[in-house]
Amino acid sequence: MADRESRDDVAALVKERADIVQIIGECVELKRSGVRFLGRCPFHGEKTPSFSVHAGQQFYHCFGCGESGDVFSFMMKYHNLDFPSALKELAKRYQIELPERRPSKEEEQRIQKSQLLFAVNDKCATIFCRYLQDAPGARVARDYLSKRGVNSEILTRYRIGYAPAVEEVGWNFLGSRLGKEELPTAVEAGLLVEKEQGGSYDRFRDRILFPIADISGRICGFGGRIVGEGQPKYLNSPESPVFIKGKLLLGLFQQKEYIRRQNHAILVEGNFDLISLVAHGCNNVAAPLGTALTPEQLRLLKRFAEKVTLLFDGDDAGRKAAVRAVPLFLAEQIPGRVAFLPAEHDPDTFVREKGLVELNKLLDQSIALPEFALAQMTDKHGLTLDGKSKILEELKPLIAAAASPLQRSLFIAHFAEKLGLTVDQLGGNLERAAGPIVLPQAKTVHRARAEQAVPLAMAQRQLVEFMILQPKYFFRLAEGGLRACLAGGVGEILFLQMESLLTANPQAEPEELLTVLPEGGERSLVAELLLRAPVHASERDENTSSEEIADLLLYLRKDKLKKQSEELMLRIEQAEKSGDHHLLQDMLVEKVEITRKLHDESV
């Protein structure tokens, strides 16, 4: 492949060759319906097929959840890949060579080190797993797991193992089973600890071990729960180039498909809490690694689910942990909820004693995290004048964490009502911490979302449809005043996206607009237009398109004249009030000329 051929060129070639119906058909049962294919959406549960795949235009759209995109979007969403990985996978499938940039020496060393760490971790996971299954010295661990309801299927799925006690195998169980060249890597991975006088010894001893995988299934590290006496009760691998606790979630690799299908993740705090829930049929669950929840962990979950519920112990520590999580959820725009267990239970004991039905009832009673945080503050400080002042101080970091001015304004309006304050009183007090805030009027907060963008009039919709389906005429329409005609609504947003897309790639096809639009009304509108289009833009009759562009340009000229006329009428009224007869005479002449042009069909 020539050096000058860019990755963008290859991406376009891959997209051209890829059969989106075949790619999606391997994951979704599709049936032909006219020129399209229909199936049940893989991104949300549904009984009636509303997932449409258009072969000619090479894109998909779900009328149920609004998910849409091209073949790359599907690969990324369904298989949880980033764009380079999706491109690589499709290029390999269609035998298209990718131009590779040679990694630097430092990058090569870093990649090689990571590969060695993953390989040693994987080998050690197998060693621990086999020992748990077969060794007489692991009987106590097998009995412990059996008592906690962990069956063989769970053991296999999670590759759970056992690091034997020193009394059984000595201090060098693991090191004696690794090659000499693997020992330094095992030390770096934290599986072995170097001794001052030379040599090494096992870090994990008499512990049930949970291998911790990344989203691709590579073993990054281990979490160990002691079986006999000793401290600490839980011990994780130390951090390494491949094991960063704040960026991993136990169980996410194994449970991600269940989480994606339910569009809902449940987060628990302990390893056995997770395993026990899965063993009892609660599959959409994951767990942080013994640390406070992090933004990176929430971003991981966002790839699979829109909703997250924290399932925490009902003690003081659990409630404080839930409050600490609120700013993270607000910043990531995830509608987090929290459910608390009875005082005498953790998730493991609760589901083993009461079963899945009662667990689901408990989860159904979860409350929104911001609501919970405010209730905690109210219980703590009361609603006296002094109490409200303290609540306002504690609300500041929560409001400041909100991801957008609109989100902040919605919370302020809601909290103001709860605290018996006006929006201005609460907003003014919080503005210093949260930045400029758009304050809705009390009782009108629910209209805020609807008033963000002006809906399209019929003529504007025709302009938007032509602009999207006929991108080769875009800049002619732009010169004719298209943006001004669409100003203030969803049409202007789409205009700016089209302008950016076509400036970067003048040959961009209409469906490529879906790949740059975020989820929301704009993307749904574009998907609807593309699905309704009888033929691809390039297949339309040239004469028909020429007639349409002429009509649309005429409409734009007249729209511009109408706006000039309306503006002029306001100025005429002002001139009449001020008694400026000379200026009034000039404007009346101008008004006559604009009116003449408006009635001239050739304008």
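Residues numbered from 1 in each chain as written. Predicted model: local features only at pLDDT ≥ 70, side-chain atom pairs only at ≥ 80, totals over all residues. Heavy atoms only, no water.

*Asks:* A description of the overall build of the protein chain should follow, citing residues and the corresponding values.
*Replies:* In terms of helices and strands, the protein chain carries 26 helices and 16 strands. Taken over 603 residues, the protein chain has a buried fraction of 47%. For the protein chain, the share of sequence-separated contacts (at least 6 apart) that also reach a separation of at least 24 residues comes to 64%. (Helix = DSSP H or I, 4+ residues; strand = E, 2+ residues; numbered from the N terminus. Buried < 20%, exposed > 50% of the residue type's maximum accessible area, 1.4 Å probe, protein only. Contact = heavy atoms within 4.5 Å.)

*Asks:* A description of the nonpolar core should follow, citing residues and the corresponding values.
*Replies:* One finds Ile160, Leu191, Ile208 and Leu311 to be the most contacted residues of the largest nonpolar core, which totals 62 residues. Within the residue set of this core, elements represented by two or more residues are helix H5 (105-134), helix H6 (139-147), helix H7 (152-158), strand S6 (161-163), strand S9 (207-213), strand S10 (219-226), helix H11 (271-279) and helix H14 (347-364). Excluding anything up to four places from it in sequence, Ile208 contacts Ala141, Tyr144, Leu145, Ile160, Gly161, Tyr162, Gly223, Gly224, Arg225, Val227 and Phe272. (Core = buried A, V, L, I, M, F, W, Y, C linked by side-chain atoms within 4.5 Å.)

*Asks:* Report on the confidence of the model for the protein chain, specifying residues and quantitative values.
*Replies:* Model confidence for the protein chain is summarised by a mean pLDDT of 82, while 86% of its residues fall at 70 or above. Scored below 50 in pLDDT, residues 1-5 shows six contacts in the model against residues more than four places distant or in partner chains. Between residues 432-454, whose pLDDT stays under 50, and residues either more than four places distant or in other chains, the model counts 39 contacts. (pLDDT = per-residue confidence, 0-100.)

*Asks:* Quick rundown of the sheet that holds strand S5 (residues 68-69)? Include the residues and the values.
*Replies:* The pairing of strands in a sheet comes from backbone hydrogen bonds and takes either a parallel or an antiparallel form. In spatial order, the strands read S1-S2-S3-S4-S5; together these five strands make up an open sheet with antiparallel pairing. Looking at strand neighbours, the two that pair on one side only are strand S1 (31-33) and S5, the edges of this open sheet. With four bridges joining them, strand S2 (residues 36-39) and strand S3 (residues 51-54) adopt antiparallel strand pairing. Looking at the pairing, Arg36 lines up with His54 of S3. (Pairing = 2+ DSSP bridges.)

*Asks:* I'd love a proper account of the pairing of S2, names of residues and values included.
*Replies:* Every other side chain in a regular strand lies on the same face of the sheet, so the side chains alternate between the two faces. Of the two faces of S2, the one lined by Phe37 and Gly39 is fully buried and the one lined by Arg36 and Leu38 carries no buried residue. Here S1 runs beside S2; their pairing, made up of three bridges, is antiparallel. Bridge pairing in S2 places Arg32 opposite Phe37.

*Asks:* How would you sum up unusual backbone geometry? Please name residues and give values.
*Replies:* Going from Gln231 to Pro232, the amide bond is cis rather than trans, its omega being 0°. Take Pro232: it is sitting in the loop between S10 and strand S11 (234-236). The phi dihedral of Arg159 is positive, around 55°, even though this residue is not glycine. Residue placement: Arg159 occurs in the loop between H7 and S6. Backbone geometry at Asp206 places phi at a positive 55°, although glycine is not the residue there. Tracing the sequence through the fold places Asp206 in the loop between strand S8 (200-202) and S9.

*Asks:* How would you summarise the sheet that holds S10 if you had to cite specific residues and measurements?
*Replies:* Ordered by their spatial adjacency, four strands build an open sheet running S6-S9-S10-S11, and the pairing between neighbours is antiparallel. Each edge of the sheet is formed by a strand with only one pairing partner; in this case those strands are S6 and S11. Across the sheet, the mean angle from the axis of one strand to that of its neighbour is 30°, orientation sign disregarded. Two strands pair when backbone bridges link them, and S9 and S10 are joined in this way by seven bridges, in the antiparallel orientation. When the sheet's bridge partners are listed, Ile208 is paired in S10 with Arg225. Contacts between H5 and the sheet are confined to S6, S9 and S10, with S10 contributing the most and set at about 35° to the helix. (Axes fitted to C-alpha atoms, helices over the stretch in contact; angles between N-to-C directions.)

*Asks:* For the packing of aromatic side chains, give the residues involved together with the corresponding values.
*Replies:* Two aromatic rings are characterised by how far apart their centres lie and by the angle between their planes. For the structure on display, the rule yields 19 aromatic pairs. For the ring pair Phe474 and Phe475, a centre distance of 5.1 Å and an interplane angle of 85° mean the geometry is edge-to-face. According to the relative accessible area criterion, Phe475 is partly exposed, its value standing at 37%. Taken together through their ring pairs, the aromatic side chains of Phe128, Tyr131, Tyr162, Phe173, Phe204 and Phe222 make up a single cluster. A cation over a ring is seen here: Arg261 above Tyr258, with NZ or CZ 5.8 Å from the ring centre. The ring of Phe340 is capped by Arg319, whose NZ or CZ atom sits 4.4 Å from the centre of that ring. (Phe/Tyr/Trp six-rings, centres within 6.5 Å; stacked < 30°, edge-to-face > 60°. Lys NZ or Arg CZ within 6 Å of the ring centre and 35° of its normal.)

*Asks:* Before we move on, could you go through the pattern of salt bridges and cite the residues and values that matter?
*Replies:* Pairs may arise between side chains of opposite charge once their charged atoms sit close together. Taken as a whole, this structure holds 17 salt bridges when the rule is applied. Among the salt bridges present, the one from Lys320 reaches Asp316, with a minimum N-O distance of 3.2 Å. Of this pair, Lys320 and Asp316 both sit in helix H13 (residues 316-332), separated by four residues, roughly a single helical turn. Overall, Lys320 belongs to the partly exposed group, its relative accessible area being 48%. Each member of the salt-bridge network shares a partner with another, and the members are Arg148, Asp348 and Arg352. (Salt bridge = Lys/Arg side-chain N within 4 Å of Asp/Glu carboxyl O.)

*Asks:* Lay out the side chain of Asn263 in plain terms, naming residues and giving numbers.
*Replies:* Counting through the fold element by element, Asn263 comes out in the loop between helix H10 (252-262) and strand S12 (264-267). Classification of Asn263 as buried rests on a relative accessible area of 18%. Contact partners of Asn263, with chain neighbours within four places excluded, come to Phe304, Ala305, Glu306 and Lys307.

*Asks:* Got a sec to walk through the side chain of Thr185? Specific residues and values, please.
*Replies:* On the secondary structure map, Thr185 appears in helix H9 (residues 183-188). Apart from residues lying up to four places away in sequence, Thr185 is in contact with Leu116, Leu117 and Val120.

*Asks:* Mind laying out helix H19 (residues 458-469), listing which residues take part and the relevant values?
*Replies:* Helix length check: H19 (twelve residues) gives 17 Å between terminal C-alpha atoms against 16 Å at 1.5 Å per residue, within 8%. Residues of H19 that are buried include every one of Gln460, Leu463, Val464, Phe466, Met467, Ile468 and Leu469, and no others. (Expected span 1.5 Å × (residues − 1).)

*Asks:* Account for the packing of helix H3 (residues 71-79) against helix H4 (residues 83-93), with residues named and values stated.
*Replies:* One way to put it is that H3 packs onto H4 with a least axis distance of 9 Å and a crossing angle of 110°. Relative to H4, H3 is oriented roughly perpendicular. The element H3 and its partner H4 pack so that their crossing is right-handed. Here Val71, Phe72, Met75 and Met76 of H3 come into contact with H4, specifically with Phe83, Ala86, Leu87, Glu89 and Leu90. Residues of the contact of H3 with H4, tallied by class, amount to eight nonpolar, no polar and one charged. (Parallel < 35°, antiparallel > 145°, perpendicular 65-115°, else oblique. Left-handed = near helix turned anticlockwise from the far one by under 90°. Nonpolar A, V, L, I, M, F, W, Y, C, P; charged D, E, K, R; others polar.)

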